[in-house]
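Observations on the model geometry
Each chain, letter by letter, is given below.
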Amino acid sequence: MYDIVIIGAGPAGLSAAIYARRAGKTVLLLEESAYGGQIVNTPEIENYPGIKNISGFEFATNLYQQATGFGAEFKFEKALEIENLDDKKVVKTAKGEYEAKAVIIATGAKNRKLGLNKEDSLVGRGVSYCATCDGMFFKGKDVAVNGGGNTAIEDAGFLSNYCNKVYVIHRRDQFRADESDVEKIRNKDNVEFVLNSTVEELVADDSLSAIIVKDKNTGETREIPVSGLFVAIGQQPDNKNFENIVELENGYVKGLEDCKTNVDGIYVAGDCRTKTVRQLTTAASDGAVAALAACEKIDK
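The paragraphs below set out a description of the structure included in this document. (Residues numbered from 1 in each chain as written. Predicted model: local features only at pLDDT ≥ 70, side-chain atom pairs only at ≥ 80, totals over all residues. Heavy atoms only, no water.)

Unusually for a residue other than glycine, lysine 118 sits at a positive phi of about 80 degrees. Mapping lysine 118 onto the fold places it in the loop between strand E7 (109-111) and strand E8 (127-128). At asparagine 250, a position not held by glycine, the phi torsion is positive, near 55 degrees. (Helix = DSSP H or I, 4+ residues; strand = E, 2+ residues; numbered from the N terminus.)

With that settled, the discussion passes to the packing of aromatic side chains. According to the stated counting rule, one finds 7 aromatic pairs in the structure shown. Seen in terms of ring centroids, tyrosine 35 and tyrosine 64 are 4.3 Å apart; in terms of plane orientation they differ by 5 degrees. Their pairing is stacked. Placement of the pair is tyrosine 35 in the loop between strand E2 (27-30) and helix H2 (56-69) and tyrosine 64 in helix H2, with a sequence separation of 29 residues. Ring geometry for tyrosine 64 against phenylalanine 74: centres 5.2 Å apart, planes inclined by 90 degrees, an arrangement best described as edge-to-face. Note that tyrosine 64 is positioned in helix H2 and phenylalanine 74 in strand E3 (residues 73-75), a separation of 10 residues in sequence. Tyrosine 64 sits in the partly exposed class, given a relative accessible area of 23%. Every member of this aromatic cluster is reached through a ring pair, and the members are Tyr35, Tyr64, Phe74 and Phe76. The ring of tyrosine 252 carries arginine 278 above its face, with NZ or CZ at 4.0 Å from the centroid. (Phe/Tyr/Trp six-rings, centres within 6.5 Å; stacked < 30°, edge-to-face > 60°. Buried < 20%, exposed > 50% of the residue type's maximum accessible area, 1.4 Å probe, protein only. Lys NZ or Arg CZ within 6 Å of the ring centre and 35° of its normal.)

Next up on the list: the sheet that holds strand E11 (residues 191-194). In spatial order, the strands read E8-E15-E9-E10-E11; together these 5 strands make up an open sheet with parallel pairing. The outermost strands of the open sheet, each flanked by one partner alone, are E8 and E11. In this sheet, strand E15 (residues 228-231) lies alongside E8 in parallel orientation, the contact comprising 2 bridges. In the sheet register, serine 128 faces E15, and the bridge partner there is phenylalanine 230. Its contacts with the sheet place helix H4 (residues 150-160) against strand E9 (142-146), strand E10 (165-169), E11 and E15, and it is angled at close to 170 degrees to E9. (Pairing = 2+ DSSP bridges. Contact = heavy atoms within 4.5 Å. Axes fitted to C-alpha atoms, helices over the stretch in contact; angles between N-to-C directions.)

Further remarks concern the environment of lysine 110. Note on placement: lysine 110 falls in strand E7. For the pair lysine 110 and proline 237, spaced 127 residues apart in the sequence, the C-alpha separation amounts to 6.1 Å. Other than its neighbours up to four places away in sequence, lysine 110 contacts Glu32, Gln38, Gly234, Gln235, Gln236 and Asp238.

Structure follows, in structure tokens:
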């Protein structure tokens, strides 16, 4: 029996583990793939209070080492189900079952796909969702980034340092990204903004050779020869396994700023919960709030 089982080891889950362990609670972190969540793909973090500049990988590694250093247990297992019993919760994975007095869901969110024909088959052959992971494979080549948020602009900036040409495809004429980051790449000679446009088709034989882009205002299409397309159009939560126990809203676990769900003893933290702002700072904040709420319940 653990005091708290945390599902997900991104910034929210790891922050929750740190706070729970400092409160003297036994903690198990369950993570499907790798610690750190989406932040590991960010080349530079410049908006986290108190840290002027750090890579996403280094930030995530520091969090992981801090949590495990405090004694949090860690297992690479995907949580498949949560069972709510009178005196405990049971988190089930393919490898076993883990009992806890409280559970924190911190599953984060995954990259959203374009939903185009050939998209899945071209992953690893021209289509990518991680510029920092795959960008160097396209050194000296022409590539495109699809999206208008912080991730898309960060990806474009990163790729512009290595690629011959970077097209930024965005469906609107204004970016959602921080204006300071947009300005950094706006005047780069090898970056071209293709606004009010959407990617309609992927052109490929064995690998991507071009994208067909449609202007939303005129209806005209344009073929842009590229070797790589980096998709950064947002994220979607991964909470379907818990839809029978906690209330979801558009796939996100319903929870307010107190990080409590509709089930007593189950909490939610980070990008997987209903919220307006999804940033690194708010994920860490959620983790602390959820952990302290869980600790308070256990101590009653």
